[in-house]
Amino acid sequence: MPKKWSIAALILLSLLVYANALGNGFAYDDFSWVVDNPDFNLPLAQMFWTPYGADGFWRPLTLLTQAANFAITNKPFWHHLIDILAHAGVVVLLYQLLLDIVGRPRAAFVAALLFAVHPLHTEAVAPAYSRQEVVTAGLILGAWLLHWRGKTLWACLCFLLALGSKESAVCFLLLALAADWIVRRRVRKPAIACYAAILAVYLAMRWKAVGLLGVIQIHPVHNPLGTLSAPLRIANALRLAWLMLGLHVYPVRLTVEYTYNAVPVILDWTVLAGWIAASVAMLAAWWYVARRSQAVLLAGVIYMIGFATTCNIFFTGSVNFGERWAYLPSAGFCLLAGLAYEWM
């Protein structure tokens, strides 16, 4: 299929699969983050430095764009339409990025197609409050594509905007490094230095706005893992990682709420040992195959780096689990599925 027709098909499917969301109203966190957000009434300069919803979050691009959207219209239809259009844009960016890096048209198309329609993305695309996930992913993919094509200054701008949308965009730096080494076997050090400088500027601005550290207080209702010792937290987080992987493979019984006791904390090390062993075995199997395939290696790296800031393994997050977190990392899973299709 010619590239232009592939892109047209991806856009059409991206829009059609979420068209039923256009008739929805606001729901759940839409009210606290969008509809009744008092920060929308602040002067522009003050709004820029205002924490996003809670101390420790500073997402000026998200706050400013949502405020602008709500100022123009408070009709949920337009919020949903913008989110769906943004999702279609992310799908096209992913397709083009995989074409450039992996160089396998069929695998890239199937990966982008699965990404466009995967049910696990519903929480990221359908609600108004989750726009930050879609916008951040789009800016990260855009920065990565620009980096790959040698357009460092434009990549820096996209990276800075992505950080302003959500702090998890820091993963772009690792993604760019990893792809350069995996595919090209060399790292563009001047470009990486520029991205590191952008990150330093962002951290300085964040420090001024809300302080350098993350969420000041983690409520056990929102993240029960925060009450555990580090070893127990990490072991339970590995179990949650399996839950996330399972939802990628078999996305049924999806929900927006996993806090408190929705996924009970496990304190028994004999049970946790099984999850740890399974995780080690999975990593070993991936590494065995990845040693023979750059594309498989890249797919796993995208998946794991994408979850690095939200998985509760390296540090405790504000909540224990969220399906919206899968939006960007699932690109790695979708790439692996595309490669499997190509190999069949």
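Heads up: the structure comes first, above all this text.
One structure accompanies this document, and this report is about it. Note that the coordinates shown come from a computational prediction; the quantities given were computed from them, not determined experimentally.

## As for the side chain of Thr136
Take Thr136: it is sitting in helix α8 (residues 131–148). Reaching out from Thr136, the side chain makes a polar contact with the backbone oxygen of Gln132 at a distance of 2.5 Å. Thr136 has contacts with Ala162, Ser165, Lys166 and Ala169, leaving out every residue within four places of it along the chain.

## Here we look at helix α15 (residues 330–343)
Structurally, the α-helix is built with 3.6 residues per turn, so residues lying three or four positions apart point the same way. Between its first and last C-alpha, α15 extends 20 Å over 14 residues, near the 20 Å set by a 1.5 Å rise per residue. Burial in α15 covers these residues: Ser330, Ala331, Gly332, Phe333, Cys334, Leu335, Gly338, Leu339 and Glu342. Those residues of α15 hidden inside the fold are in contact with α5 (76–101), α6 (105–117), α12 (230–249) and α14 (294–307).

## Focus on the nonpolar core
Counting residues in each nonpolar core, the largest one holds 71 residues, and the members touching the most others are Trp144, Tyr195 and Leu298. Residues contacting Leu298, with those up to four places away along its chain left out, are Ile101, Val102, Trp144, Ala179, Ile182 and Leu335. Among the nonpolar cores identified, the runner-up in size contains 20 residues, and Leu245, Leu247, Trp325 and Ala326 belong to it.

## Thoughts on the packing of aromatic side chains
Applying the stated criterion across every chain yields a total of 16 aromatic pairs. Ring centres of Trp49 and Trp58 lie 5.6 Å apart, and the angle between their planes is 10°; this geometry places the pair in the stacked category. Under the relative-accessibility criterion, Trp49 is labelled partly exposed at 31%. Taken together, a centroid distance of 6.1 Å and an interplanar angle of 25° make the contact between Trp58 and Tyr202 stacked.

## With respect to a nonpolar patch on the surface
On the surface, Leu13, Val17 and Val117 cluster together into a nonpolar patch covering about 180 Å² of accessible area. Locating Val117 in the fold gives a position in helix α6. Taking the relative accessible area as the measure of exposure, Val117 reaches 31% and is therefore partly exposed.

## What about the side chain of His147?
Following the sequence through the fold, His147 ends up in helix α8. Look past the residues within four positions of His147 in its chain and what remains in contact with it is Ala155, Phe172, Ala176, Asp180, Arg188, Ala191, Ile192 and Tyr195.

## Overview of the packing of α5 against α8
Where α5 meets α8, the axes come as close as 9 Å, and the angle between the chain directions of the two elements is 25°. Judged by the angle between their axes, α5 and α8 are roughly parallel. Between α5 and α8 lies a crossing whose hand is left-handed. Counted together, His79, Ile82, Asp83, Ala86, His87, Val90, Leu93, Leu94, Gln96, Leu97, Asp100 and Ile101 of α5 and Arg131, Val134, Ala137, Gly138, Leu141, Gly142, Trp144, Leu145 and Trp148 of α8 form the full contact between these two elements. Of the residues contributing to the contact of α5 with α8, the split by class is 13 nonpolar, five polar and three charged.

What counts and how
Residues numbered from 1 in each chain as written. Predicted model: local features only at pLDDT ≥ 70, side-chain atom pairs only at ≥ 80, totals over all residues. Heavy atoms only, no water. Helix = DSSP H or I, 4+ residues; strand = E, 2+ residues; numbered from the N terminus. Polar contact = N/O pair within 3.5 Å; in protein donor to acceptor, adjacent residues only side chain to side chain. Contact = heavy atoms within 4.5 Å. Expected span 1.5 Å × (residues − 1). Buried < 20%, exposed > 50% of the residue type's maximum accessible area, 1.4 Å probe, protein only. Core = buried A, V, L, I, M, F, W, Y, C linked by side-chain atoms within 4.5 Å. Phe/Tyr/Trp six-rings, centres within 6.5 Å; stacked < 30°, edge-to-face > 60°. Patch = residues over 30% accessible without salt bridge, like charges linked within 9 Å, V, L, I, M, F, W, Y side chains within 5 Å. Areas by Shrake-Rupley, 256 points an atom, 1.4 Å probe, with all protein chains shown as cover. Salt bridge = Lys/Arg side-chain N within 4 Å of Asp/Glu carboxyl O. Axes fitted to C-alpha atoms, helices over the stretch in contact; angles between N-to-C directions. Parallel < 35°, antiparallel > 145°, perpendicular 65-115°, else oblique. Left-handed = near helix turned anticlockwise from the far one by under 90°. Nonpolar A, V, L, I, M, F, W, Y, C, P; charged D, E, K, R; others polar.

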